[in-house]
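Descriptive structure summary
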Amino acid sequence: MFDLISAVLNIVLFVLIIYLISRVAHFMKNVTGKLNELDRKIEEIKGSMDKDD
């Protein structure tokens with residue numbers, strides 16, 4: 001009886017850990033995309049400032 005409960009809890013814990021890892025990976029992908037977008041905008045601003053000089 002306790003082996004069955006232990007097995008079910010282990011499976012639930014395993015699935016929860018996999019889910020949390022995937023959420024962190026998704027968050028990091030979004031952060032990386034936003035940082036790349038900011039870098040692009042900064043380069044555009046620098047380019048337009050150079051053209052004005």
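Described in the following lines is the structure provided in the data block. (Residues numbered from 1 in each chain as written. Predicted model: local features only at pLDDT ≥ 70, side-chain atom pairs only at ≥ 80, totals over all residues. Heavy atoms only, no water.)

Comments concerning the environment of Leu 20
For Leu 20, the location among the structural elements is in helix α1 (residues 2-52). Through-space distance from the C-alpha of Leu 20 to that of Asn 10 is 15 Å; in sequence the pair is 10 residues apart. (Helix = DSSP H or I, 4+ residues; strand = E, 2+ residues; numbered from the N terminus.)

Some thoughts on the pattern of salt bridges
Inspection of every chain in the model, using the stated rule, returns 1 salt bridge. We note a salt bridge from Glu 37 to Lys 41, for which the minimum N-O separation is 3.3 Å. Taken together, the residues span about one helical turn, with Glu 37 and Lys 41 both in helix α1 at a distance of 4 residues. (Salt bridge = Lys/Arg side-chain N within 4 Å of Asp/Glu carboxyl O.)

Things to note about the environment of Lys 29
Within the secondary structure, Lys 29 sits in helix α1. Judged by relative accessible area, which is 63%, Lys 29 ranks as exposed. Sequence separation between Lys 29 and Leu 4 is 25 residues, and the spatial gap between their C-alpha atoms is 38 Å. (Buried < 20%, exposed > 50% of the residue type's maximum accessible area, 1.4 Å probe, protein only.)

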